[in-house]
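Commentary on secondary and tertiary structure
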Amino acid sequence: MQIIKATIIKDGKILLRDRVGLFMMFFMPILLVIVITSVQNSTFELVNNNKISLLVFNKDKGPMGAQMVDAIRKIGLFKLQLADSTSSDQNLVATMHNQDALVALVIPRQFTAFIENKAGEIATRALKDPDSSQIKSDAPAILPDSLIMYYHPVMQSSFRQSIEGAFRSSVQVIQGEAIVKKLYEAVNQKEVPADLEKQILFSQVPISKIPVSRSGSRTVPNASQHNVPAWTIFAMFFIVISLGGTMVREKNSGSFIRLKTMPASYLHALFSKQIVYLTVTILQAAVIFAIGNKIFPYLGLPALHLPKDGWALFIVTAVTGYCAVNYAICVGVFANTPEQSNGFGAISILIMAALGGLIVPSFAMPAHLQNILQISPLHWALEAYYGLFLEGGKLKDIWMNILSLLGITVLIQIFTLYGLKKKNLI
Amino acid sequence: MNIPAIKIQNLAFQYPRQEGVCFKNFNLEINAGERFGLFGPNGAGKTTLMNLMTGLLKYSEGSIQLLDHEINDHPKSINTLFGFVPQDFSYYPELSARENLSFYGAWYGIAPGKIKNRTEELLHVLGLESVGDRMLKSFSGGMKRRVNLAIGVMHNPQVLFLDEPTVGVDVQSRHAIINYLKKQNESGTTLIYTSHQLEEAAELCTKIALIDNAKIIAHDSLEVLLETHGQEGMEGLFLELTGKRFRD
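Residues numbered from 1 in each chain as written. Chains lettered and ligands numbered in written order. Predicted model: local features only at pLDDT ≥ 70, side-chain atom pairs only at ≥ 80, totals over all residues.

1. Observations regarding the overall build of chain B
Tallying secondary structure elements over chain B gives eight helices and ten strands in all. The globule rule puts the C-alpha radius of gyration for 248 residues at 18 Å, and the 18 Å found for chain B is close to it. Taken along its principal axes, the extent of the C-alpha atoms in chain B is 50 × 40 × 40 Å. Residues classed as buried in chain B amount to 44% of the 248 residues present. Looking at chain B alone, contacts between residues at least 24 apart form 69% of all its contacts between residues at least 6 apart. (Helix = DSSP H or I, 4+ residues; strand = E, 2+ residues; numbered from the N terminus. Rg over C-alpha atoms; globule rule 2.2 N^0.38 Å. Buried ≥ 20, exposed ≤ 12 C-beta atoms within 10 Å, placed from the backbone. Contact = placed C-beta atoms within 7 Å.)

Here you go:
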């Protein structure tokens, strides 16, 4: 116990006297979290709050073109700009660039004629003989020009499909209205009253949107809830740069040779490093969470809401920190130079972060990576944090993630022991 | 019957996957209480032998006994019997002399109360009392050497291994170190010492061994060796026995 105490004091003093090292250990992760959250927050707002800029070129002179524009406006997804009627398809692309529109829609000339004829044909068929395919109207059943959607190539496929879906929905609304009108007129021999028309068109079943959380909270997760826990894990694992380097330097220095000739085992020194650097990682997380909670609103970022289960948060943080410290020690044991330790340590953390879902959500990864990501401790740490921060879970909801993280830590320790023996360090 | 400080019998050792130093059927005995000097040209095997005697390297065949304990099989507690002063500075430069001595004292298993007394005693004897709270990275070469020595003798070892303990120091520091080592020897500590400082060796050692190509080529008191080989000084003896060829 005396040896452990003396070694902890020694490691603590060395750490505290390295002011630049301490600054890097705390300031850089804070900066990282602020920058990433700011960047992600603007993307988050773009997708969730900002409307998509849409340029509409309505070539149709009839009422349906105007109704289509109106229907699109009512969806609420777009910031609508109408192209000049003198415009052409050719200069529409240039207008898109000039007006920063991500999407442009061309409504063809015969849009009204097509919709009305189509509605008339369906109404006639419905009222006379639904099984007959002989009833044809005089108007063309095929639209000479389709609706054309121009889009910016950076637009993701899923995003593009949702926009396309919105356009289809607008067409259906207009077409539905036209069919109902035709049916009403055929049956009642008069035009549809305005109030009934509104009722038919706008009395859709409402959809209530409720975010799911284990705690029952309906707070919508923001960019801070997503990014602060994720990049805090990354920062904690980046202790490999400092601790791995320290391990290598100590191993290559005379002080290590002296320790090897002493009555106590080098494992005492490793245990002390675990305690000291675990404290550092917990403090890193505490500082980052505190900044997220208290300082972020002053920086124009959404505040980080801390989980209600404080003990669960502490346990996840401690287990993540312990895993990070053991990983750093493992790298330090196997590396022969600080350059090896820093290079391998940094790149391996980036790879594990990518696999762990910190950079791209794990559910979006290809199937073959879905299995590999389970070896990344950062994945389990992230899942545990998300269980607390996003889903409002408690310890009982995330214990499997904690166990997995501990399991990986034990494997790292076994590998470290093998390295220590192989390199004649213990 | 006196137990030898070191008894090496039929030692065999070679670095794995490396050419160079190769001990075969090597024998050496160092009596307790001696001031023993181990000399030889670069690459002769001095540091390897020192590392084998202190347990830093494991030997494949033969036996090395330290005060009757087999080094390869020893439990860690035998390490309290000896101290080691490596050629490299072996301490934490970010800590002060007092903090280093306190840390290593704990690792030697010295009781906390005794650590403090022993620290002050060593700082006083080695002339470091007034700078004991300064970080070692600000120390001069001579001061660093004295701290390096102080750590090795912190626990009053029965056998003290010294690998070039005075390299790169000024006359005053060398004088202080040699005087301290003599006093330590008078109190019963066996000194096992390597150096290229032949004058210093002649002043300090009561017995010497010359080693070359991992073999002992001479082993006796300095007076006897000088007389046997008709030399007047250590340097002449050294060159006669090891030749003038560079060994870099």
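2. Topic: the environment of M236 of chain A
Residues and elements named next belong to chain A. Positionally, M236 belongs in helix α8 (residues 223-237). Each C-alpha atom of the pair M236 and T320 lies 7.8 Å from the other, and the pair is 84 residues apart in sequence. Discounting residues that sit within four places of it in the chain, M236 has contacts with T281, Q284, A285, T320, G321 and A324.

3. Description of the nonpolar core
Residue and element names in this part refer to chain A. Counting 140 residues, the largest nonpolar core has F237 and I239 as its most contacted members. Among the elements that line this core, the one with the most residues is helix α12 (residues 310-334), at 15 residues. With near-sequence residues (within four places) excluded, I239 lies in contact with Y277, V280, T281, A324, V325 and A328. Core analysis: the next-biggest nonpolar cluster, separate from the first, contains 27 residues, L55, A104, F114 and F167 among them. (Core = buried A, V, L, I, M, F, W, Y, C linked by C-beta atoms within 7 Å.)

4. What about helix α5 (residues 171-186) of chain B?
Residue and element names in this part refer to chain B. The terminal C-alpha atoms of α5, which comprises 16 residues, lie 22 Å apart, in line with the 22 Å expected from a rise of 1.5 Å per residue. Turning to α5, the residues buried within the fold contact α4 (141-152), β7 (159-163), β8 (190-194) and α6 (198-204). Where α5 ends, the next residue or the one after it, G188, has phi of about 115°, a positive value. (Expected span 1.5 Å × (residues − 1).)

5. Section: the sheet that holds strand β5 (residues 69-70) of chain B
All names here are of chain B. Taken in spatial order, the four strands make up an open sheet running β2-β1-β4-β5, and their pairing is antiparallel. Two strands close off the open sheet at either side, each with one partner strand: β2 (22-30) and β5. Across six bridges, the pairing between strand β1 (residues 6-14) and β2 is antiparallel. The partner of I8 across the bridge, within β2, is L28. (Pairing = 2+ DSSP bridges.)

6. A few points about the interface of chain B and chain A
Between chain B and chain A, the residue contacts involve 25 residues of the former and 18 residues of the latter. Element by element, the count of residues in the side of chain B that touches chain A is highest for helix α2 (residues 97-107) of chain B, at five residues. When its residues are assigned to classes, the side of chain B that touches chain A shows 13 nonpolar, eight polar and four charged. (Nonpolar A, V, L, I, M, F, W, Y, C, P; charged D, E, K, R; others polar.)

7. Quick notes on the sheet that holds β7 of chain B
Residue and element names in this part refer to chain B. Reading across the sheet, the six strands line up as β6-β7-β8-β3-β9-β10 and stay open at both edges, with mixed pairing between neighbours. Pairing within the sheet leaves two strands with one partner each, and these edge strands are β6 (82-85) and β10 (215-220). In this sheet, adjacent strand axes meet at a mean angle of 15° when their direction is disregarded. Two strands pair when backbone bridges link them, and strand β3 (residues 35-39) and β8 are joined in this way by four bridges, in the parallel orientation. If you follow R35 over to β8, its bridge partner there is L191. Running over the sheet, helix α1 (residues 46-53) touches β3, β7, β8 and β9 (207-212) and is turned about 150° from β7. (Axes fitted to C-alpha atoms, helices over the stretch in contact; angles between N-to-C directions.)

8. Examining unusual backbone geometry
Residues and elements named next belong to chain B. Look at N10: it is not a glycine, yet its phi comes out positive at around 50°. Here N10 shows up in strand β1. Residues other than glycine seldom take positive phi values, yet L67 does so here, at roughly 50°. For L67, a count of 16 C-beta atoms within 10 Å translates into the label partly exposed.

9. Looking at the pairing of β3 of chain B
Residue and element names in this part refer to chain B. The element β3 is extensively covered by neighbouring structure, given that five of its five residues are classed as buried. Residues R35, G37 and F39 point to one face of β3 and F36 and L38 to the other, with burial holding for every one of them. Note that β3 and β9 share four bridges and pair parallel. Counterpart to L38 in the pairing with β9 is A209.

10. Some words on the packing of helix α7 (residues 222-229) of chain B against helix α8 (residues 234-242) of chain B
Residue and element names in this part refer to chain B. In contact at an axis separation of 10 Å, α7 and α8 are set at 60° when each is read in the N-to-C sense. Considered as vectors, α7 and α8 are oriented oblique to each other. Along this stretch, α7 crosses α8, giving a crossing that reads as left-handed. Residues L222, L225, L226 and H229 of α7 form the contact with α8, whose own contacting residues are M234, L237 and E240. When the residues that make up the contact of α7 with α8 are grouped by side-chain class, the tally is five nonpolar, one polar and one charged. (Parallel < 35°, antiparallel > 145°, perpendicular 65-115°, else oblique. Left-handed = near helix turned anticlockwise from the far one by under 90°.)

So yeah, pure geometry; function would need other evidence.
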